[in-house]
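Structural characterization, general
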Amino acid sequence: MDWTFGLPPEWSWLVWTLIKTLVLIGGVLGVLPIMIWGERKVAGHVQFRPGPNRVGPFGLLQPLADVLKLVFKEDVMPHSANRVLFFLAPVLALVPAFVVLTVIPIGPQFVVTDVNVGLLVFFAMSSLGVYAITLAGWAGNNKYGLMGGLRSSAQMISYELAMGLSVIGVILLTGSLSLVDIVKAQDGRILGFLPRWFVFYQPVGFLAFVVTMLAETNRAPFDLPEAEGELVAGYHVEYSSMKFAAFFMGEYANMIAISCVCTALFLGGWHGPWLPPVWGGIVWFVLKVSILQVFFLFVRWTLPRLRYDQLMNLGWKVLLPLTLANALVTAVAVALREGWLR
Amino acid sequence: MSWLTQGQVPLEAYLVVSGLLFLIGVVGVLVRRNAIVIFMCIELMLNAANLAIVAFADQLQQTDGQVFVFFVMAVAAAEVGIGLALIVNVFRARQTVYVDEVNLLKG
Amino acid sequence: MTPIFFLLFAVMAVVSALMVVLQKSPVTSAVYLVLVFLSLGGFFVLLHAPFLAAVQVVVYAGAIMVLFLFVIMLLNLQRDVDDGLHHAARRVFGWALGILLAAQAFLLLRGSWALGPRGKEPAALVHAQGNTQVIGVRLFGDYLWPFEITSLVLLVAVVGAIVLSLRRGRSTGVEDAP
């Protein structure tokens, strides 16, 4: 990364950052078809049926068939819809996930930008993701869409709170908001064999984060707002063809981004045994993120959907006190360790 | 405007932007009828003030300004919560959000 | 490169702010206001305050504007109806006053003015320790009392918003879920 393209240093840094970002985006977009195929296959096998197996060996060309179908569908826009917002909402569903990917360390020296408030950038982007759903619900000029949009926005902002509180323990243990520092702090072993991942130091925080992960991405069991059977597909009821595909891609991209953050925060990021440091780190990181994705898929097809009031109950009355208590206990433990309480 | 090529943005530029935003907020409060849009223009004015505070904090190399902006954000959030609840109540009573139609006490 | 980003954010902020005032539909005004807040976040980054930039996006763009949009959508506000002569007269008066204020501000800025005292946190220290740590030290050190009082203000706001939105005449005080 030292070749300067013959430009002054600031400009060459900008060009390199753009190239790294494009590589990341390309990587995520390349993984999306695998996730689509994986979802259908896991769904099939959990439900004791084979899943897609007609289109190509093991149904591997199924994502291609899905994309072709979506491309050839008619792109309908309701007559009284708000045009600008109708176009804007799917874009807002996709872009924040890609921004989050730029602050996550994928390998020992592989991070696009090491901002020292990297974790806050993640929270900022998940706050902006709420707009996609709110505006999509409003722009379609459809009462079911609006209801679904408002419900989903309320769900997302409620669980954002619990998500922020659940990582306070990790921030206290590291003393930094930068994801690079957090991953570096998970180096080494406890008792000689357990890796020093924060999942062992902060089990409650990890549990809360996993639950809010499911809620933030609108995945089952928290997917009442986009329930296909119930609320007439909720906030994207008026969308078809490529804009619907954009929402779909946005959901998967969000899942990938949030799994990457969870890996960096709790599962040790790119740390792992036996492989050489540079590309071995990337392999371990991708492995951990894939395990989280499979977890997402399993949970969707295993657990029943939560009703809206049960969902809000869980977010405000269970997760909020739990994460606050976790933050308090962690703060006391850190203060005792540092010797501040005399 | 020589700073465009020299890489250091002067304090006055930030103050001009902050002043422009504040002015647009003032004009918005005067011109619009919709209570929620007026409220949005008030938030615009608060943010213009925030920008001026942070610009000065950067110029004078102190972080008291940034801490103050933190408090402004918290108080603005509280204000928005209560203000919107009030507007919703007015709407329930009068079925309108236009500020010039809420004039029952007018003599 | 900083001046180019400054110009970009400045143009984005001023144009979006104008659109907030000029647009007829409140939802569009709200979306433009989100753009203003995002460009202000950009300004904060240029002014060496990345923590404030992130907090600006999370609090203003991510929470306050979502609240605005919720209320606009719950009240189902369509485009503003602003026709009529006395509305036009009020608009002309408002813009005239705005131009008067702009002229006044221009004259004030052109005069001489003095800066306040310099602080003790040079940019090198902020870069070494991180914006968050420097703000944290001041916030929990010199400004502890205002911090605690602000938490009280937020508590009052939460309780007040709930009390204000209860419907009268219902004994349980439970409002309809959206």
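Residues numbered from 1 in each chain as written. Chains lettered and ligands numbered in written order. Predicted model: local features only at pLDDT ≥ 70, side-chain atom pairs only at ≥ 80, totals over all residues.

A tally of regular secondary structure across chain C gives seven helices and zero strands. Listing each helix as α and each strand as β along chain C from the N terminus yields α-α-α-α-α-α-α. Relative to the compact-globule value of 16 Å for 178 residues, chain C shows a C-alpha radius of gyration of 22 Å, a clear excess of over 25%. Seen through its principal axes, chain C has C-alpha atoms that stretch 60 × 45 × 30 Å. Taking all 178 residues of chain C together, 32% fall into the buried category. Taking all contacts inside chain C whose residues are at least 6 apart in sequence as the whole, residues at least 24 apart take part in 50%. (Helix = DSSP H or I, 4+ residues; strand = E, 2+ residues; numbered from the N terminus. Rg over C-alpha atoms; globule rule 2.2 N^0.38 Å. Buried ≥ 20, exposed ≤ 12 C-beta atoms within 10 Å, placed from the backbone. Contact = placed C-beta atoms within 7 Å.)

With that out of the way, let us pick up helix 12 (residues 308-338) of chain A. Residue and element names in this part refer to chain A. The end-to-end C-alpha distance of helix 12, which contains 31 residues, comes to 43 Å, matching closely the 45 Å that a straight helix rising 1.5 Å per residue would cover. If you look at helix 12, its biggest bend is around 35 degrees, right at Leu319, and the proline Pro321 turns up within four residues after that. Burial in helix 12 covers these residues: Leu311, Leu314, Gly315, Leu319, Thr323, Asn326 and Thr330. Close packing links the buried residues of helix 12 with helix 5 (143-166), helix 6 (168-174) and helix 9 (203-216). (Expected span 1.5 Å × (residues − 1). Bend = angle between axes of the 7 residues up to and from the residue.)

A separate point is the interface of chain C and chain B. As a measure of interface size, the accessible area lost when the parts come together is often cited. At the interface, 67 residues of chain C touch 60 residues of chain B. Sorting the residues of the side of chain C that touches chain B by element identifies helix 1 (2-22), helix 2 (26-46), helix 3 (50-74), helix 4 (85-110), helix 6 (131-141) and helix 7 (144-164) of chain C as the ones contributing at least two each. Across the side of chain C that touches chain B, the residue classes tally to 50 nonpolar, 10 polar and seven charged. (Nonpolar A, V, L, I, M, F, W, Y, C, P; charged D, E, K, R; others polar.)

For the rest of this paragraph, the subject is the interface of chain A and chain C. On the side of chain C, 18 residues touch chain A, which itself brings 21 residues to the contact. Broken down by secondary-structure element, the contributors of at least two residues to the side of chain A that touches chain C are helix 4 (118-139) and helix 5 of chain A. Considering every element that reaches the side of chain A that touches chain C, the biggest residue donor is helix 4 of chain A, with nine residues. Split into classes, the residues belonging to the side of chain A that touches chain C amount to 14 nonpolar, four polar and three charged.

The next point concerns the confidence of the model for chain A. Across chain A, the average pLDDT comes to 86, with 95% of residues at 70 or higher. When the elements of chain A are averaged for pLDDT, strand 1 (residues 189-190) of chain A gives the smallest value, 81, and helix 9 of chain A the largest, 93. (pLDDT = per-residue confidence, 0-100.)

Residues and elements named next belong to chain C. Examined at the domain level, chain C breaks down into domain 1 (1-78) and domain 2 (121-178). In this structure, domain 1 and domain 2 have C-alpha centres spaced 20 Å apart. Of the residues lining the interface, five residues belong to domain 1; the matching set on domain 2 comes to six residues. When its residues are assigned to classes, the side of domain 1 that touches domain 2 shows four nonpolar, one polar and no charged. (Domains from an automatic or database assignment.)

Turning to the arrangement of the chains, a few remarks are in order. Taking contact number as the criterion, the leading pair out of two pairs of chains in contact is chains B and C. With respect to C-alpha atoms, chain A approaches chain B no nearer than 11 Å, and the pair has no contact.

Its 26 residues place the ends of helix 4 of chain C 38 Å apart at the C-alpha level, agreeing with the 38 Å of an ideal helix rising 1.5 Å per residue. The element helix 4 of chain C is barely covered by neighbouring structure, given that only one of its 26 residues are classed as buried.

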